[in-house]
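Structural overview
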Amino acid sequence: MKSRDITECIQQLELKLLHHDWTENPESIDQLLSAYFEEIDTNGIAHSRNDVIQWLLHKDKTIRWFLVNFRIKLLTHDCVLAIYTASKHHDPAYIRNESIRSSIWQYQDQQWKMTFHQASRKS
């Protein structure tokens, strides 16, 4: 797979995690999060895979996310680092929040799975 194709694929997977309604089929989260997934939030707090799954199941479905300056770096033949700015938009007040994000994705079992994610406040 070419770097541009991988970039587009990973960007779509990031958006799917944020926009998809996981309550219909929570087990499908396993297709995107690896078994040993971890996250560090904008406050520097580490979260387990289960913590993040609970967030995905209970997130505000009205929030729309936009990913800006999305790029990847190839770490190994089956592992990439995604880096981007995430903008969170609320309606109707249009409150904009931005953070710098990085995710590590690994190709496992014929699909890309996120193994790590970190968000940092944008100053």
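Given the structure is predicted, the values throughout are model-derived calculations rather than measurements.

**What to know about the overall build of the protein chain**
Broken down by element type, the protein chain carries two helices and six strands. Element order for the protein chain, N to C, with α for helix and β for strand: α-β-β-α-β-β-β-β. In terms of C-alpha radius of gyration, the protein chain reaches 14 Å, essentially the compact-globule figure of 14 Å for 123 residues. Principal axes of the C-alpha set define a box for the protein chain whose edges measure 45 × 30 × 25 Å. Within the protein chain, buried positions represent 39% of all 123 residues. In the form shown here, the protein chain has an accessible surface area of approximately 7,500 Å², with 51% of it arising from carbon and sulfur atoms. Mean positive and mean negative side-chain charge positions of the protein chain (15 and 16 charges, respectively) differ by 7 Å.

**Considering the packing of aromatic side chains**
Applying the stated criterion across every chain yields a total of two aromatic pairs. Seen in terms of ring centroids, F70 and Y84 are 5.2 Å apart; in terms of plane orientation they differ by 25°. Their pairing is stacked. Of this pair, F70 sits in strand β3 (residues 64–76) while Y84 is found in strand β4 (residues 79–89), placing the two residues 14 residues apart along the sequence. Here F70 matches Y84 in class, with each residue buried. Pairing Y107 with W112 gives two aromatic rings, centres 5.2 Å apart and planes at 65°, and the pair type is edge-to-face.

Thresholds, definitions, all that
- Residues numbered from 1 in each chain as written.
- Predicted model: local features only at pLDDT ≥ 70, side-chain atom pairs only at ≥ 80, totals over all residues.
- Heavy atoms only, no water.
- Helix = DSSP H or I, 4+ residues; strand = E, 2+ residues; numbered from the N terminus.
- Rg over C-alpha atoms; globule rule 2.2 N^0.38 Å.
- Buried < 20%, exposed > 50% of the residue type's maximum accessible area, 1.4 Å probe, protein only.
- Areas by Shrake-Rupley, 256 points an atom, 1.4 Å probe, with all protein chains shown as cover.
- Lys, Arg positive; Asp, Glu negative; His and termini not counted.
- Charge placed at Lys NZ, Arg CZ, Asp CG, Glu CD.
- Phe/Tyr/Trp six-rings, centres within 6.5 Å; stacked < 30°, edge-to-face > 60°.

Purely geometric numbers; function is a separate question.
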